[in-house]
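So the chains spell out like this:
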Amino acid sequence: MFGTFGSLKNWADYVEGHHTLSDRDTRKIQKVLLMMMDDIHALCEKNGLSYVITGGCAIGAVRHGGFIPWDDDIDVSMPRADYGRFAALAKKTFPDKYDVQEIKTDKGYDLNFMKLRLKGTRFLEASDTDESKSGIFIDIFPIENVYDCVFAQIWQGIKSDGLQFICSCVRIRKKLDRLEVLMKDNAALSRTLKFKAFIGGVFGFKSLRDWLLLTEKALSSCQNGESKTIAIPVGRGHFKGERYPRSWFFEPTLKKFEDRKYFFPAKTKRYLKKLYGDYMTVPQESERERHSVLEFDLGKYEEM
């Protein structure tokens with residue numbers, strides 16, 4: 001009811017001077033993302049970390065054997081324990097190649113999932129808070145353990161989604177002036193954003209960073225690595241919509257993706273059916289997600 005994710009993804013469309021990615025741009029980005037994904041795969045293999053590719057690229061693997069043709073990002077998910085280790089290892093292994101943005105160590109970052117950004121490139125979105133770290137990115141989401149006890153599981157979901165809603169409201173309040181371009185011709189969105197900004201004011205007795213750190217603690221509260229259920233509560237479906245049997249994800253399976261092989265959930269098709277419904281039907285062109293960005297530059301990776 002109060003979701004603003006889709007609207008904010010198109011934020012740059014309303015800002016003067018935005019760059020709408022062409023099909024040629026998208027294909028170039030895909031090649032860069034494959035190079036980045038190769039580094040993630042190799043680092044995880046070397047250090048015994050588990051990961052799976054999720055989201056739209058999981059659809060692409062099943063439906064297209066690689067990227068959805070118009071897709072320009074990759075989503076990776078990792079068990080919480082490996083997620084924390086990956087951040088430290090990536091910083092140590094690739095200090096000159098990547099920026100690692102995550103809430104615990106980056107005070108200017110305002111999301112509860114990680115971004116691995118390629119230095120020397122520009123992919124500046126309207127929502128970015130640190131323009132010095134705005135390279136081509138791969139999103140990395142923590143996979144959380146879910147309590148087996150039904151009552152503990154319900155409380156975990158309430159805390160996870162409730163705190164994320166508060167973070168969203170406080171974040172929108174901070175950025176409301178910048179969001180005015182979205183609100184001019186969309187009365188319904190304007191009401192939603194103003195309502196969330198009001199809620200953000202109510203919870204303004206803590207800073208956004210404090211709320212984000214509190215949310216991080218709540219998300220990772222279950223320490224049972226053998227629980228029957230896992231969740232990706234920072235994903236598009238939040239806690240309830242992204243709660244899955246552990247067996248659907250682990251042990252991950254290698255699948256063909258373009259001319260490579262990467263790890264995907266053990267039961268990829270069941271995962272996709274739950275999250276997307278009819279994922280095999282190609283959407284109409286008007287329904288396809290396309291990025292617009294404020295700045296776009298591949299730097300030395302332009303001719304990959």
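Below you will find a few notes about this structure. (Residues numbered from 1 in each chain as written. Predicted model: local features only at pLDDT ≥ 70, side-chain atom pairs only at ≥ 80, totals over all residues. Heavy atoms only, no water.)

**Comments concerning the packing of helix H2 (residues 23-47) against helix H4 (residues 80-93)**
The relative placement of two packed helices is expressed as an angle between their axes plus a distance between the axes. In the contact formed by H2 and H4, the axes pass within 11 Å of each other and the chain directions differ by 110°. By the angle class used here, H2 and H4 are roughly perpendicular. With respect to the hand of their crossing, H2 and H4 are arranged in right-handed fashion. Residues Ile40, Leu43, Cys44 and Asn47 of H2 touch H4, and the partners they reach there are Arg85, Phe86, Leu89, Ala90 and Thr93. In the contact of H2 with H4, the residues fall into 6 nonpolar, 2 polar and 1 charged. (Axes fitted to C-alpha atoms, helices over the stretch in contact; angles between N-to-C directions. Helix = DSSP H or I, 4+ residues; strand = E, 2+ residues; numbered from the N terminus. Parallel < 35°, antiparallel > 145°, perpendicular 65-115°, else oblique. Left-handed = near helix turned anticlockwise from the far one by under 90°. Contact = heavy atoms within 4.5 Å. Nonpolar A, V, L, I, M, F, W, Y, C, P; charged D, E, K, R; others polar.)

**Points about the side chain of Gln156**
By secondary structure assignment, the location of Gln156 is in helix H5 (residues 150-175). A polar contact is formed between the side chain of Gln156 and the backbone oxygen of Asn145, at a distance of 3.0 Å. Once residues within four sequence positions are removed from consideration, Gln156 is found in contact with Asn145, Val146, Tyr147, Leu219, Ser221, Cys222 and Phe239. (Polar contact = N/O pair within 3.5 Å; in protein donor to acceptor, adjacent residues only side chain to side chain.)

**Topic: the pattern of salt bridges**
Going through the model one piece at a time under the given rule, you end up with 15 salt bridges. With a shortest N-O distance of 3.2 Å, Lys175 and Asp110 are connected by a salt bridge. In this pair, Lys175 sits in helix H5 while Asp110 sits in the loop between strand E4 (98-101) and strand E5 (114-118), placing the two residues 65 residues apart along the sequence. As a salt-bridge pair, Arg117 and Asp128 come within 3.1 Å of each other at their nearest N and O atoms. Placement of the pair is Arg117 in strand E5 and Asp128 in the loop between strand E6 (122-124) and strand E7 (137-146), with a sequence separation of 11 residues. Classification of Arg117 by relative accessible area gives buried; the value is 1%. The network of salt bridges with shared partners includes Asp38, Asp259 and Arg260. (Salt bridge = Lys/Arg side-chain N within 4 Å of Asp/Glu carboxyl O. Buried < 20%, exposed > 50% of the residue type's maximum accessible area, 1.4 Å probe, protein only.)

**Considering the side chain of Ser77**
Tracing the chain through its elements places Ser77 in strand E3 (residues 75-79). A residue is classified by how much of its surface remains accessible, and Ser77, at 1% relative accessible area, is buried. Those residues within four positions of Ser77 in sequence are excluded, and the remaining contacts are Tyr51, Val52, Thr54, Phe141, Ile143 and Ile232.

**Details of the environment of Cys222**
One can find Cys222 in the loop between helix H8 (208-219) and strand E8 (229-231). Counting along the chain gives 70 residues from Cys222 to Ala152, while the straight-line C-alpha distance between them is 9.4 Å. When neighbours within four sequence positions are excluded, Cys222 is seen to be in contact with Asn145, Val146, Tyr147 and Gln156.

**As for the environment of Ile29**
Within the secondary structure layout, Ile29 lies in helix H2. A sequence separation of 268 residues divides Ile29 from Asp297, and the C-alpha atoms of the two residues are 10.0 Å apart. In this structure, Ile29 is in contact with Leu21, Asp72, Phe123, Ile136 and Phe296, ignoring residues within four places of it in sequence.

**Quick word on the nonpolar core**
Of all hydrophobic cores here, the largest spans 64 residues; its most connected members are Phe86 and Ile140. Ranked by residues supplied to this core, first place goes to H2 with 10 residues. In this structure, Phe86 is in contact with Ile40, Leu43, Cys44, Leu49, Met78, Met114 and Ile140, ignoring residues within four places of it in sequence. Counting residues in hydrophobic clusters, the runner-up holds 9 residues, among them Ile103, Ile166, Leu208 and Leu212. (Core = buried A, V, L, I, M, F, W, Y, C linked by side-chain atoms within 4.5 Å.)

**Some details on the packing of aromatic side chains**
Per the stated rule, a full pass over the model turns up 16 aromatic pairs. Relative to Tyr271, the ring of Tyr244 lies with its centre 5.3 Å away and its plane at 65°, an arrangement referred to as edge-to-face. One end of the pair, Tyr244, is in strand E9 (residues 243-245); the other, Tyr271, is in helix H10 (residues 268-276), and 27 residues separate them in sequence. Put simply, the rings of Tyr244, Trp248, Phe249, Phe250 and Tyr271 touch in pairs and so form one group of aromatic residues. Across from the ring centre of Phe137, 3.6 Å away, lies the NZ or CZ of Lys115, which sits over that ring. (Phe/Tyr/Trp six-rings, centres within 6.5 Å; stacked < 30°, edge-to-face > 60°. Lys NZ or Arg CZ within 6 Å of the ring centre and 35° of its normal.)

**A word on the pairing of strand E10 (residues 253-257)**
The side chains of a regular strand alternate, residue by residue, between the two faces of the sheet. As paired strands, E10 and strand E11 (residues 260-264) are joined by 5 bridges and run antiparallel to one another. For Lys256, the partnering residue across the bridge sits in E11 and is Lys261. Taking the residues between adjacent antiparallel strands as the criterion, E10 and E11 are bridged by 2 residues, where Glu258 takes a positive phi near 55°. (Pairing = 2+ DSSP bridges.)

**Here we look at the environment of Val181**
Looking at the element boundaries, Val181 is found in helix H6 (residues 180-183). Note on Val181: relative accessible area 28%, which makes it partly exposed.

**As for the layout of surface pockets**
In this structure, the second largest pocket encloses a volume near 280 Å³. Looking at the second largest pocket, it is lined by 15 residues, and the ones nearest its centre are Pro79, Arg80, Ala81, Asn145 and Gly225. If you list the elements that add at least two residues to the lining of the second largest pocket, you get H4 and E7. The leading source of residues in the lining of the second largest pocket is E7, at 3 residues. In terms of residue class, the lining of the second largest pocket is built from 6 nonpolar, 5 polar and 4 charged. (1 Å grid on protein atoms, 1.4 Å probe; cavity = no way out; pocket = protein on both sides within 12 Å on 5 of 7 lines; lining within 4 Å. Points joined across faces, edges and corners; volume = space filled by probe spheres on them.)

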